[in-house]
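Observations on the model geometry
Listed below, chain by chain, are the residues.
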Amino acid sequence: MPDALDLSSRDTVMPIASMFHDTAWGLPYSAALEGAKLVLPGLKLDPESLQHLIYEEGVTMSAAVPTIWLVFADELPHTATGKLLKTKLRDEYQQHLASST
């Protein structure tokens with residue numbers, strides 16, 4: 001399914017949106033079809049619990065409504081003008097993954 005979600009058996013997928021929400025429709029099925037690991041957060045949708053799951057489970061793909069992601073905005077690295085430092089964020093996450101294996 002690389003044309004749709006670019007999922008593979010090497011991915012760890014965590015749908016955060018409710019399963020009835022369009023963000024999560026089909027995502028658990030797509031993960032299963034590709035052999036990807038599926039992480040379900042349950043009722044703990046607070047930033048600390050989600051961050052713990054993302055790091056501990058090695059989540060590589062997630063889907064959620066914008067209000068879920070807004071709670072993380074202040075924790076992400078930004079430039080002085082407020083632009084998100086995506087490369088720094090990616091590098092830090094890669095270092096975390098390397099150190100946890």
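Please read these numbers as outputs of a predicted model, since none were measured by experiment.

**Focus: the overall build of the protein**
Each helix and strand in the protein was counted, giving four helices and three strands. Counted from the first residue to the last, the protein has its helices and strands arranged as β-α-β-α-β-α-α. Considering the protein as a whole, with its 101 residues, one finds that 30% of them fall into the buried category. A fraction of 61% describes how many contacts in the protein between residues 6 or more apart in sequence connect residues 24 or more apart. Split by element, the accessible area of the protein, about 7,000 Å² in all, is 57% carbon and sulfur.

**Examining the nonpolar core**
Grouped together as the largest cluster of nonpolar side chains are twelve residues: Met-14, Ile-16, Val-39, Leu-50, Leu-53, Ile-54, Val-59, Ala-64, Val-65, Ile-68, Phe-72 and Tyr-93. By residue number, the principal contributor to this core is helix H2 (residues 47–57), which donates three residues. Contacts of Ile-68, omitting those with residues within four sequence positions, involve Ile-16 and Leu-50. Formed by seven residues, the second largest nonpolar core is a distinct cluster that contains Ala-31, Ala-36, Met-61 and Ala-63.

Conventions we followed
- Residues numbered from 1 in each chain as written.
- Predicted model: local features only at pLDDT ≥ 70, side-chain atom pairs only at ≥ 80, totals over all residues.
- Heavy atoms only, no water.
- Helix = DSSP H or I, 4+ residues; strand = E, 2+ residues; numbered from the N terminus.
- Buried < 20%, exposed > 50% of the residue type's maximum accessible area, 1.4 Å probe, protein only.
- Contact = heavy atoms within 4.5 Å.
- Areas by Shrake-Rupley, 256 points an atom, 1.4 Å probe, with all protein chains shown as cover.
- Core = buried A, V, L, I, M, F, W, Y, C linked by side-chain atoms within 4.5 Å.

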